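Residue-level structure breakdown
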Amino acid sequence: MSNTYSISIETGGYRQLDLFAERCGEGNAVVTVADGNGVAIAAHTMPIAERRHHFSIAVPQKSTVTVAASGLVVRFGYLSECDDLLDNGVRYVNMNPNDTDWPAQPTLEQIYNRFGRSGAHFEPFARWMNDPNGLCQFQGRYLLFFQLNPYGFGWDNMHWGHAVSRDLVHWTHLPVFLEPQPELHTDERIVGGVFSGSAVTVDEHDNPVAGNEANAIRLYLTRHLETRGDESSVTEYQTTCLCEDGVHVRVESPVALRANDDFGYDFR
């Protein structure tokens, strides 16, 4: 595989390109974006201490851009931040340099047809998913959060994916909702991330109410850290966060720590 590769994409109504990338090699790991005339729009370098990084890159709407990656492999990507994102969802971007028979921007129909997926059984565009979390109804939609590894096809440091539906059959894919703790991107000996959680729809005073009457979603979840292979190193704590628009999340706050040594390490 070449150390540098590129694709051309149409941004449509989207304003942001999100790429989940993994460093390969010892040199700089860089993503660049150029317009249709080859003029550079952006250049983003992965922080030197990180082995994985989520790039969020502003892109011009209704344009053709060339995205180039050097010193890294993009494992998962999509266009996001558009008008009516809850209805339009994100647009998957394929930057797998080995998948030359697959378009850079496959449609949802192409994605499902390629692998013979059931249209009524939710799956992310690509990569590995696990248990659902925080299932709730909010302002006319059903919200699904789920364990996601955007970097591969097995268990790894956990993210939360996100999708919404009006009928529990047709799903709209949304941006990754929660990410692992930053230290998991720098030290491969540490594993964990965003584990199980739940959601409660609340009013403006943070009191539980029916979803269609709610102003926000109050989420509770587990943060997990451990040194690979050492169960005694496990650290778990519970956090809470608020989502007011059905897409974006506020900063988390811890709400429960392991009380003492009599508690189990896994105390979700």
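Residues numbered from 1 in each chain as written. Predicted model: local features only at pLDDT ≥ 70, side-chain atom pairs only at ≥ 80, totals over all residues. Heavy atoms only, no water.

1. Considerations on the overall build of the chain
What counts, and what does not: Only DSSP runs of H or I covering at least 4 residues are called helices, and only runs of E covering at least 2 are called strands; the numbering of each starts at the N terminus. Two things to know: the radius of gyration comes from C-alpha atoms, and the globule rule equals 2.2 Å times the number of residues to the power 0.38. Type-normalised accessible area, obtained with a 1.4 Å probe on protein chains alone, sets the label of each residue: buried when under 20%, exposed when over 50%, and partly exposed for intermediate values. A contact between two residues is defined here by any heavy atoms of the two lying within 4.5 Å. All accessible-area figures derive from a Shrake-Rupley calculation using a 1.4 Å probe, and residue coverage is judged against the displayed protein chains alone.
Per the secondary structure count, the chain includes 2 helices and 16 strands. For the chain, whose C-alpha radius of gyration is 19 Å, the value lies close to the compact-globule estimate of 18 Å for 268 residues. Overall, the chain is about 60 × 45 × 35 Å in size when its C-alpha atoms are taken along their principal axes. Across the 268 residues that make up the chain, the buried fraction comes to 49%. Sequence-distant contacts, at least 24 apart, represent 60% of the contacts inside the chain between residues at least 6 apart. Accessible area for the chain stands at about 13000 Å²; split by element, carbon and sulfur atoms hold 48% of it.

2. Focus on the sheet that holds strand E1 (residues 4-10)
Put simply, the rule reads: DSSP bridges decide pairing: two strands pair if at least two such bridges lie between them. Angular values range over 0 to 180 degrees, each being the angle between N-to-C directions of two axes fitted as lines to C-alpha atoms, with helices fitted over their stretch in contact.
The strand order across the open sheet formed by 4 strands is E1-E6-E3-E4, and the pairing between neighbours is antiparallel. Edge positions in the open sheet fall to E1 and strand E4 (40-45), since each of these has one partner strand only. When the angles between neighbouring strand axes are averaged without regard to direction, this sheet yields 15 degrees. Two strands pair when backbone bridges link them, and E1 and strand E6 (residues 64-70) are joined in this way by 7 bridges, in the antiparallel orientation. Note on E6: the bridge partner recorded for Tyr5 is Ala69.

3. Concerning the nonpolar core
Worth spelling out the cut-off: Think of a nonpolar core as a cluster: buried Ala, Val, Leu, Ile, Met, Phe, Trp, Tyr and Cys residues, connected wherever their side-chain atoms sit within 4.5 Å.
Membership of the largest hydrophobic core comes to 63 residues, with the highest contact counts inside it found for Leu17, Leu19, Val67, Leu72, Met95 and Leu219. Aside from chain neighbours lying at most four places away, what touches Leu72 is Tyr5, Ala21, Glu22, Arg23, Cys24, Ala29, Val30, Val31, Met46 and Phe55.

4. Observations concerning the environment of Arg15
Relative to the helices and strands, Arg15 resides in the loop between E1 and strand E2 (16-23). Residues Arg15 and Ser80 lie 65 residues apart in sequence; the distance between their C-alpha atoms is 6.5 Å.

5. Digging into unusual backbone geometry
Phi at Asp84 is positive, roughly 55 degrees, even though this residue is not glycine. Locating Asp84 in the fold gives a position in the loop between strand E7 (72-80) and helix H1 (85-88). For Asp84, a relative accessible area of 55% translates into the label exposed. For Gln139, which is not glycine, the phi dihedral falls at a positive 50 degrees. Locating Gln139 in the fold gives a position in the loop between strand E9 (128-138) and strand E10 (141-149). Overall, the relative accessible area of 41% leaves Gln139 in the partly exposed class.

6. Side note on the sheet that holds strand E13 (residues 190-202)
Across the sheet, which stays open at both edges, the 4 strands sit in the order E13-E14-E15-E16 with antiparallel pairing between neighbours. Taken across any chain shown, the strands that pair with only one partner, and hence form the sheet edges, are E13 and strand E16 (253-257). Between one strand axis and the next, the sheet turns through 25 degrees on average, direction left out of account. Alignment of E13 against strand E14 (residues 216-227), held across 11 bridges, turns out to be antiparallel. Among the inter-strand pairings, Ile190 is bridged to a residue of E14, identified as Thr227.

7. Here we look at the packing of aromatic side chains
The description of an aromatic ring pair rests on the distance of the ring centres and on the angle between the ring planes. This is how the line gets drawn: Each aromatic pair joins two rings of Phe, Tyr and Trp (for Trp, the six-membered one) with centres within 6.5 Å, and gets the label stacked for planes under 30 degrees apart, edge-to-face for over 60, and tilted for any other angle.
Across all of its chains, the model carries 11 aromatic pairs by this definition. When the centroid spacing of 5.7 Å and the interplanar angle of 35 degrees are considered together, the rings of Phe145 and Trp160 count as tilted. Of this pair, Phe145 sits in strand E10 while Trp160 sits in strand E11 (residues 159-165), and the two are 15 residues apart along the sequence. Comparing Phe145 with Trp160 shows no difference in burial state: the two are buried.

8. Side note on the pairing of E7
Judged by how many residues are buried, E7 sits mostly within the fold: 8 of 9 residues are covered. Examined bridge by bridge, E2 and E7 share 8 bridges and lie antiparallel to one another. For Gln16, the partnering residue across the bridge sits in E7 and is Ser80.

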